[in-house]
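What follows is each chain in one-letter form.
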Amino acid sequence: MSVNLASIKQALASWAKQEGLTLLFIIQGLIAIFLTLWLAMRLELPQPAVACITVIIVMQPQSGQVLVKGAYRFLGTIIGCVAMLVLVALVAQERVLFLLVVAIWIGLCAAGAMAFRDYRSYAFVLAGYTATLIGIPAVQNPDAAFMMAVWRLLEIGLGIVCASVISACLLPQTSTKAMQQSVKKRFGEFTAFVLENLAEPDNQQQYEHSMLLFATQAVGWENLRNVSSIEDYVSKQRKQRLARLNQEFMQLTSRYAGLHSLLQRVRLHYDNDITTAIDSCLAIVKDTIAPYRGSSLSSQQAKQVADIIATKQENLRLQIRAESARMTVLLSEQQKLDFDTACELIYRLFDEMRSYCDTQASLLTEQHPYEHESTRFQTKLNPVGALITGLRTSFIVLTFGSVWIATAWPSGNNFAMVAIAISAIVTTTPNPARSARQITLGTFIACLLGSLVNLVVLPQIDGFALLCFALAPVYVMGFYLSTQPKFAGYGMGLLIFFTFGAVPLNPAVFDPQLVINNYISLVLAQAMVAVILTVIIPADNGYVWSRLNKEMRLQIPTLFKPKQAQRRQRFESQTRDLLSQCYGFAGDSPEQYKNLIRMSFAVQIIGHAIIEMEETEQQLLSEKSVNHDWLQQKEILKQYVTALFERPNAMQQGILLEQLATMMDWLRPQISTLSRFESSPPKQLLSHLHVIRNTVLDSHLFNLSSVTSREGGNYAA
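Rules behind the numbers
Residues numbered from 1 in each chain as written. Predicted model: local features only at pLDDT ≥ 70, side-chain atom pairs only at ≥ 80, totals over all residues. Heavy atoms only, no water. Helix = DSSP H or I, 4+ residues; strand = E, 2+ residues; numbered from the N terminus. Rg over C-alpha atoms; globule rule 2.2 N^0.38 Å. Buried < 20%, exposed > 50% of the residue type's maximum accessible area, 1.4 Å probe, protein only. Areas by Shrake-Rupley, 256 points an atom, 1.4 Å probe, with all protein chains shown as cover. Lys, Arg positive; Asp, Glu negative; His and termini not counted. Charge placed at Lys NZ, Arg CZ, Asp CG, Glu CD. 1 Å grid on protein atoms, 1.4 Å probe; cavity = no way out; pocket = protein on both sides within 12 Å on 5 of 7 lines; lining within 4 Å. Points joined across faces, edges and corners; volume = space filled by probe spheres on them. Nonpolar A, V, L, I, M, F, W, Y, C, P; charged D, E, K, R; others polar. Domains from an automatic or database assignment. Phe/Tyr/Trp six-rings, centres within 6.5 Å; stacked < 30°, edge-to-face > 60°. Lys NZ or Arg CZ within 6 Å of the ring centre and 35° of its normal. pLDDT = per-residue confidence, 0-100. Contact = heavy atoms within 4.5 Å. Core = buried A, V, L, I, M, F, W, Y, C linked by side-chain atoms within 4.5 Å. Buried area = accessible area lost by both parts, 1.4 Å probe. Salt bridge = Lys/Arg side-chain N within 4 Å of Asp/Glu carboxyl O. Polar contact = N/O pair within 3.5 Å; in protein donor to acceptor, adjacent residues only side chain to side chain. Disulfide = S-S within 2.5 Å. Patch = residues over 30% accessible without salt bridge, like charges linked within 9 Å, V, L, I, M, F, W, Y side chains within 5 Å. Axes fitted to C-alpha atoms, helices over the stretch in contact; angles between N-to-C directions. Parallel < 35°, antiparallel > 145°, perpendicular 65-115°, else oblique. Left-handed = near helix turned anticlockwise from the far one by under 90°.

Caption draft 1: Expanded view of the overall build of the protein chain. The secondary structure content of the protein chain amounts to 27 helices and zero strands. In terms of C-alpha radius of gyration, the protein chain reaches 29 Å, essentially the compact-globule figure of 27 Å for 717 residues. Dimensions of the protein chain, computed from the C-alpha atoms along their principal axes, are close to 90 × 70 × 40 Å. Burial status across the protein chain gives 56% buried among its 717 residues. Roughly 30300 Å² of accessible area belongs to the protein chain as shown, and the carbon and sulfur atoms make up 60% of that amount. Charge centroids of the protein chain, computed over 58 positive and 53 negative side chains, lie 2 Å from each other.

In structure tokens:
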């Protein structure tokens, strides 16, 4: 009996964490919409549907996100209202000129939303969306533009306030709680990934998927950190430590990427002697982290783990020395270099795990020295992508506006307005084409259900309570779909456009012809937007992929620019941000996606090695023990690395490999056979050069034919 009760409690707890949260979100959404609808009617706002649609767009499972999104959306609404009133006052008398100016404005807003992919994007989206709501109807009636702006501002403001109040007061799910859960799970998820990959090193697809997931989590972590610090004072006190934790996690993944790449080559080209020696060192790491595989780690437990790793580090150091002494007589010079580099990467990975746990443990206290450090996550602005998005949105505005003007269709204003608004909204989604297709199907279902409610159900009911009962089933289905990542677009299309047609005006008007005309315009507008984004101007065209790949490569030459503040932080965050930009449409272009993710791993590995090589060099400079010849060789290396990543070709690859071989030959005589990497800067420099060379040898990286250097003959792919 006790076993059954325990299993029931466990099942209920599991349900509450998953389906229970979904049910809570649906309840919050229903209450927020119906509260907004009731207030809009009591306040005699002319279009309650606009207020309800605002609730749908703003509502999120976490209350902090609702507050931040709502604030930026209201700011965007004010900007959109002011901009459109100015445009109406200047050029509303000439429809073609007005349409051209509106296209430019909304294109700029879409470009801004694409450029700033955090919460600021909502302000840009609403600035364009509100301009559409006001500007398109104002073409037919410019005299009413000011009152339209006032009504839209009130309706959108009402929706934001109601959504924020319900989300914050009715069993709120705070962003702070989500942040805490993420902190607890992250180390366990990483250890599970490491152990699984070491057990199945040839499962490259799973490795790439996990690394991409970690990259997107790093970007999402930053947004969650900012929201939780606004929402909760405790999180605000730890804001810099949370940023440091994210930075250290990115360094962990970069370190493991380098180790994984080297181990792949060692297993491919060497016999069991060297792999067995490396595995004996890895065994200490695996045995230490195995108990925490996939588990949640509190800050108190993180402190204990950091202490355990610190103790085990000495065991690892002794094991490395023992294996190194044993393998000295068995390995060639090249094999010994591979072994030493692999062991150094293992030791550094283990040490960075300890550092990560130590930073997590620092969250226990309100004050900590880490909090006074400046750690920033810097996104990578993609000006070309923003420009393409702006031009595409302007093209849609001009196309649909021209169709409306040319046909004089009575519902043409809805046709143009919906197309423009949706094109602006889907701009901020990871995959605009897929979102547009899903919203189109959701809109079609909304039209069928909305026509049924509008023409059959509403004439038969009386009173606000019955109106809520009539609308509730569709809202429940829509909110449920919106919580499922694969079906979120269907849910948004259903919710927004069912509300657009089924929520009555104030006062209500029964006009079947207008209802049918409006729904036809909705479906046509959505279908045409989906066609434009999928076929005519796809967001994932070849040029966009090529540009992302080039931006990723140029992260390496950027490292050589002098006087860069927080260079490591900028590099780690921008490479993840670039990788996350392709996450949404990776499935639509698998080959381009594979090329980009391969380039991303190489850039992270090489960039990591360059940064650490220069840190070692700075240590030698402080000790005044840097050789002038080394500095000259380093400058030549910078030129060749920059040339390869700016203009990749086989000749540049061969030149760089030759330069790396020359520098490694220069370092070898300065390294004693008894020296240890932790106390030998020359040996550390040699390992960093070897890591770079190991990565550059990948002939598939730049789609080049194989290149063989005098130093890496048996490694040429």
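Caption draft 2: Structural detail: empty space enclosed by the protein. All told, the structure shown has eight cavities of 30 Å³ or more when counted by the stated rule. Reported here for the second largest cavity is a volume of approximately 110 Å³. Residue lining of the second largest cavity: 14 residues in total, with Arg255, Leu345, Ala609, Glu612 and Val691 positioned closest to the centre. Put simply, the parts of the chain that give the lining of the second largest cavity at least two residues each are helix H11 (239-269), helix H14 (333-361), helix H24 (590-622) and helix H27 (681-696). When grouped by side-chain class, the residues that make up the lining of the second largest cavity number four nonpolar, six polar and four charged. Each of domain 2 (175-372) and domain 3 (542-716) accounts for three or more of the residues forming the lining of the second largest cavity.

Caption draft 3: Local environment of the side chain of Gln438. Note that Gln438 resides in helix H17 (residues 432-457). Its relative accessible area of 12% is what places Gln438 among the buried residues.

Caption draft 4: Quick peek at the packing of aromatic side chains. In the structure shown here, the tally under the stated rule is 16 aromatic pairs. Counting every residue linked through ring pairs, the aromatic cluster contains Phe187, Phe190, Phe193, Tyr207, Phe214, Phe249, Tyr256, Tyr356 and Phe601. Over the ring of Trp221 we find Arg186, and its NZ or CZ is 4.0 Å from the ring centre. Above the plane of the ring of Tyr370 lies Arg244, whose end atom (NZ or CZ) is 3.7 Å from the centre.

Caption draft 5: Structural context of the confidence of the model for the protein chain. Confidence along the protein chain averages 83 in pLDDT terms, with 91% of residues attaining 70 or more. Across the protein chain, helix H18 (residues 464-482) holds the top mean pLDDT of 93, while helix H1 (residues 2-17) sits lowest at 68. Here residues 705-717 is modelled with pLDDT under 50, and outside its nearest four sequence neighbours on either side it reaches 40 contacts, counting other chains as well.

Caption draft 6: How the structure looks around the nonpolar core. By size, the foremost hydrophobic cluster in this structure holds 100 residues, and its most contacted members are Phe190, Tyr256, Ile278, Leu316, Met353, Ile556 and Leu689. When residues of this core are assigned to domains, at least three map to each of domain 2 (175-372) and domain 3 (542-716). With residues near it in sequence (within four places) discarded, Leu316 still touches Cys281, Ile284, Val285, Ile346, Tyr347 and Phe350. Listed in part, the 88 residues of the second largest apolar core include Met148, Phe415, Ala416 and Val418.

Caption draft 7: Geometry of the domain arrangement of the protein chain. You can read the domains of the protein chain as domain 1 (16-173 + 380-536), domain 2 (175-372) and domain 3 (542-716). Each partner contributes to the interface: domain 1 provides nine residues, whereas domain 3 provides 13 residues. Each partner contributes to the roughly 1000 Å² buried at the junction of domain 1 and domain 3, and carbon and sulfur atoms together form 51% of this total. Taken together, the connections running from domain 1 to domain 3 amount to zero salt bridges. Counting across the domain 1 and domain 3 interface gives zero residue pairs in polar contact (both at pLDDT 80 or more). Within the residue set of the side of domain 1 that touches domain 3, elements represented by two or more residues are helix H15 (383-407) and H17. Residue classes in the side of domain 1 that touches domain 3 are distributed as three nonpolar, two polar and four charged.

Caption draft 8: Main features of the state of the cysteines. This model, assessed by the stated rule, comprises zero disulfides. Cys81 provides the cysteine sulfur closest to Cys109, a residue in no disulfide bond, and the two sulfurs are 12 Å apart. Exposure remark for Cys109: the relative accessible area of 6% places this residue in the buried category.

Caption draft 9: Representation of the pattern of salt bridges. Scanning the model with the defined rule gives 24 salt bridges in all. Lys683 is paired through a salt bridge with Asp340; the nearest N and O atoms lie 3.9 Å apart. In this pair, Lys683 sits in helix H27 while Asp340 sits in helix H14, placing the two residues 343 residues apart along the sequence. Lys683 gets classed as buried once you look at its relative accessible area, which sits at 13%.

Caption draft 10: Representation of the layout of surface pockets. Here the second largest pocket is characterised by a volume of approximately 1200 Å³. As for the second largest pocket, its lining consists of 47 residues, and the residues nearest its centre are Phe500, Gly501, Val503, Pro504 and Leu505. Listing elements by their share of the lining of the second largest pocket, those giving two or more residues are helix H3 (48-58), helix H6 (120-140), helix H7 (145-169), helix H16 (412-426), H18, helix H19 (488-502) and helix H20 (512-536). When residues of the lining of the second largest pocket are assigned to their parent elements, the largest contribution, seven residues, is made by H16. When grouped by side-chain class, the residues that make up the lining of the second largest pocket number 36 nonpolar, eight polar and three charged.

Caption draft 11: Seen up close, a nonpolar patch on the surface. Judged by side-chain polarity, Phe74, Ile78, Val82, Val86 and Leu90 come together as a nonpolar surface patch covering roughly 420 Å² of accessible area. Within the fold, Phe74 resides in helix H4 (residues 63-91).

Caption draft 12: Here's a closer look at the packing of H18 against H19. Axis separation between H18 and H19 bottoms out at 6 Å; the angle between their running directions is 155°. It follows that H18 is roughly antiparallel to H19 by the angle criterion. For the pair H18 and H19, the sense of crossing is left-handed. Here Leu471, Val474, Tyr475, Met477, Gly478, Phe479, Leu481 and Ser482 of H18 lie close against H19, whose contacting residues are Ala488, Tyr490, Gly491, Leu494, Leu495, Phe498, Thr499 and Ala502. Tallied by class, residues from the contact of H18 with H19 come to 12 nonpolar, four polar and no charged.

Caption draft 13: Layout of the side chain of Ser299. Along the polypeptide, Ser299 turns up in helix H13 (residues 299-327). Look at Ser299 and you get buried, because its relative accessible area is 17%. Apart from residues lying up to four places away in sequence, Ser299 is in contact with Gln360, Ala361, Leu363 and Leu364.

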